[in-house]
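# Structural features, examined
Residue-level listing of the chains:
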Amino acid sequence: MTTEPTARSRPRGPLGDPHLRRLVAGQGLAAVVDALFLVWLTLFVLELSKPGIVTGFVLVAAALPRAVLLLPAGVMVDRLGPVRVVVGAAWLRVAVLLALGAVITLASPSVTTVAVIAALLGVADAAYFPAALAVLPAFVPAERLSRVNALIQGAESGGDLVGPAVAAAAVAAVGFDATLGGISAMAVLAALALSSLARVVRRGERAGGDAVPGAVDGERLGSARALGAGLGYTWREPLVRAMLAAVALINIAVVGPVLVGGAVLADRRLGGSGSLGAVLSGFGAGSLAGSLLAGWRPPARRGWTVVGGVAAIGAGVAGLGVVTHVAAATAVASVVGLGSAFLGVVVVATLQERVPERLLGRVLSLVVLATVALDPFSYVVAGLLLPYGTTTLFLVCGGAVLACAVLVATSPTVRSLR
C-alpha cells in the first residue's frame, strides 16, 4: 500500500502537492544532469585523446551497461519498489560523478579509467530510468499523469535543447573540473529531492494495487521467471504490445536518419554542415513544445491521438527527403520532434494507468529499452540506406512509420482507447 497525502489534504492544481513538486523537481534536475554530462564527457574525452574511435569507445562504455541491465532493473523495481530504486540510483549517480571529479582533479586519468567510471554511471541509469517512470503513479492521480509526465519530459527536452551550448560554454569559461563540480551539485540536489519521498511511500506501491498472476513474489518466482512474466504480459496485452512496437519502430526509423542523414542532407542540399545545428534545434524545440502541449491539453481520444502522432512523425521524416531549404527542413524537423514528444507523454501515461502495479517496472523497462537501446540499430539502418541517397533514406524510413500508423489504426483496442 502507498502512504499518500489524502484527497482532502491534496491541494488543487497539477503541482499543488509538495511531494509532487519535489518529485518533478528531482526528476527534472536529473534529466538536465544527464544532458549536461553527456556533452561534458564527450568534450573531456576529446581533450584526452583527440577525435577518433576512443571517443566512441567511452560513449559505448556508458551506454552498454544501461542497455544490458534495463530488463533486470525492471524486475528489481517491481521487487523492491520504485521509490527505493530511484533513490538508490540517484545517489549512485552522485557517487560516480564525485569519484570522476576526484580522479580528474587529483590525477591524470587514462581513457580506460574514464570509460570504467562512465560504465558505472550507465549502471545507475539502467536502474533509474524505469524506476523514475514507475514511481509517478504512487504520487500522481490518474487524471494528472499526462501533465506531470509532460513537465518531466519537458525538462528533458529543454536540457537536450540548451545542454550542449551550456556545457560547452561552461567548459570554456571555468574548465572541466569546475563544470563537472556544478553538474555534480545538481545531481546532489536531485537526489535530495527524490530522497524526501522515501518516507511517503512504502515499497513504492500504489494505494489499492491488485495482485496479478505472474507478479513478482520473492518466495515463488526467481528473477528469470519474473522477467518472463513481464515479457509474457507485454506480448499478451494488445494495447501494450502495439504501443511498444510503435515506440521501437519510431526510434529505429527516426534517430539514425535525423542525425546521420540530417548531417548529409545539410552538407549536400541545405548550404553546408552548419545548417545541421538549425535542423536539430528545430527538432529539440518541437520536442519541448510537444511535451508541454501534451500536458496542457491531454487528448480525450487517446487511441486516435496515438495513430495521428505516429502518422505525423512518419510524414515529417518522409518530408525531410524533399526539402531544399534550411528553413523548411527546420520546420519539418520540429514537427517530427513535436509528434515524438507528444506521443511519448501519451504512451507513458497510458501504460502507467493501465499496467498492473506489480508489473509496471518490467513493462516500463521495455519502453526505456525501446527508446534508448535501439539507437545503434537506427544508425545501421541509416548507414545501409544512405548510399542510395538521402531522399531514399527519408522516404523509406518515413514510409515505414506511416505503415506502422496504419497497422496501429487497425487495432480495435487502440482505436477505443480513451
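Rules used throughout
- Residues numbered from 1 in each chain as written.
- Predicted model: local features only at pLDDT ≥ 70, side-chain atom pairs only at ≥ 80, totals over all residues.
- Heavy atoms only, no water.
- Helix = DSSP H or I, 4+ residues; strand = E, 2+ residues; numbered from the N terminus.
- Buried < 20%, exposed > 50% of the residue type's maximum accessible area, 1.4 Å probe, protein only.
- Contact = heavy atoms within 4.5 Å.
- Areas by Shrake-Rupley, 256 points an atom, 1.4 Å probe, with all protein chains shown as cover.
- Phe/Tyr/Trp six-rings, centres within 6.5 Å; stacked < 30°, edge-to-face > 60°.
- Patch = residues over 30% accessible without salt bridge, like charges linked within 9 Å, V, L, I, M, F, W, Y side chains within 5 Å.
- Salt bridge = Lys/Arg side-chain N within 4 Å of Asp/Glu carboxyl O.
- Core = buried A, V, L, I, M, F, W, Y, C linked by side-chain atoms within 4.5 Å.
- Axes fitted to C-alpha atoms, helices over the stretch in contact; angles between N-to-C directions.
- Parallel < 35°, antiparallel > 145°, perpendicular 65-115°, else oblique.
- Left-handed = near helix turned anticlockwise from the far one by under 90°.
- Nonpolar A, V, L, I, M, F, W, Y, C, P; charged D, E, K, R; others polar.
- pLDDT = per-residue confidence, 0-100.

The next point concerns the overall build of the protein chain. Helix and strand counts for the protein chain stand at 14 helices and zero strands. Listing the helices and strands of the protein chain from first to last along the sequence gives α-α-α-α-α-α-α-α-α-α-α-α-α-α. Out of the 418 residues belonging to the protein chain, those deemed buried represent 52%. Within the protein chain, counting contacts between residues at least 6 apart in sequence, those at least 24 apart form 86% of the total. Carbon and sulfur atoms provide 68% of the accessible area of the protein chain, an area that totals close to 17600 Å².

Turning our attention to the environment of F283. Summarising the element assignment, F283 is placed in helix α8 (residues 275-296). Taking relative accessible area as the criterion, F283 reaches 23% and is therefore assigned partly exposed. Sequence-wise, F283 and V336 are 53 residues apart; in three dimensions their C-alpha atoms are separated by 6.6 Å. Not counting residues within four places of it along the chain, the set of residues in contact with F283 comprises V254, A333, S334, V336 and G337.

Per the counting criterion, the structure on display carries five aromatic pairs. With centroids separated by 6.0 Å and ring planes inclined at 85 degrees, the aromatic side chains of W40 and F176 adopt a geometry described as edge-to-face. Of the two residues, W40 is situated in helix α1 (residues 18-49) and F176 in helix α5 (residues 145-195); the sequence distance between them amounts to 136 residues. F176 matches W40 in its accessibility class, with the two residues each being buried. Judged by centre distance (6.0 Å) and plane angle (70 degrees), the ring pair of Y128 and F129 falls under edge-to-face. Across the pair, F129 and Y128 agree in class, each one buried.

To continue, consider a nonpolar patch on the surface. Residues V60, L64, V68, L69, L92 and V123 make up a contiguous nonpolar surface patch of roughly 480 Å² in combined accessible area. Per-element tally for the nonpolar patch: the top contributor is helix α2 (residues 53-80), with four residues. For L92, the location among the structural elements is in helix α3 (residues 82-106).

Turning our attention to the environment of V336. Tracing the sequence through the fold places V336 in helix α10 (residues 326-354). Judged by its relative accessible area of 1%, V336 falls in the buried class. Taking the C-alpha atoms as reference points, V336 and V258, 78 residues apart in sequence, are found 9.6 Å from one another. Once residues within four sequence positions are removed from consideration, V336 is found in contact with V254, F283, I313, G316 and V317.

The next point concerns the nonpolar core. Of all hydrophobic cores here, the largest spans 122 residues; its most connected members are F37, W40 and V310. By residue number, the principal contributor to this core is helix α7 (residues 238-269), which donates 15 residues.

It is worth spelling out the packing of α5 against α8 at this point. Here α5 crosses α8 at 165 degrees, and the two axes come no closer than 7 Å. Put simply, α5 runs roughly antiparallel to α8. The hand of the α5/α8 crossing is left-handed. Residues S146, R147, A150, Q153, G154, S157, G158 and L161 of α5 pack against S281, G284, A285, S287, L288, S291, A294 and G295 of α8. Across the contact of α5 with α8, the residue classes break down as five nonpolar, ten polar and one charged.

Taken as a whole, the protein chain shows an average pLDDT of 80; of its residues, 87% reach a score of 70 or greater. When the elements of the protein chain are averaged for pLDDT, helix α14 (residues 412-415) gives the smallest value, 78, and α3 the largest, 91. Between residues 202-219, whose pLDDT stays under 50, and residues either more than four places distant or in other chains, the model counts 46 contacts.

This paragraph deals with the pattern of salt bridges. Should their charged atoms come close, side chains of opposite charge can pair. Tallied over the entire structure, the rule returns four salt bridges. Among the salt bridges present, the one from R93 reaches D34, with a minimum N-O distance of 3.7 Å. Note that R93 is positioned in helix α3 and D34 in helix α1, a separation of 59 residues in sequence. Among the salt bridges present, the one from D125 reaches R93, with a minimum N-O distance of 2.7 Å.

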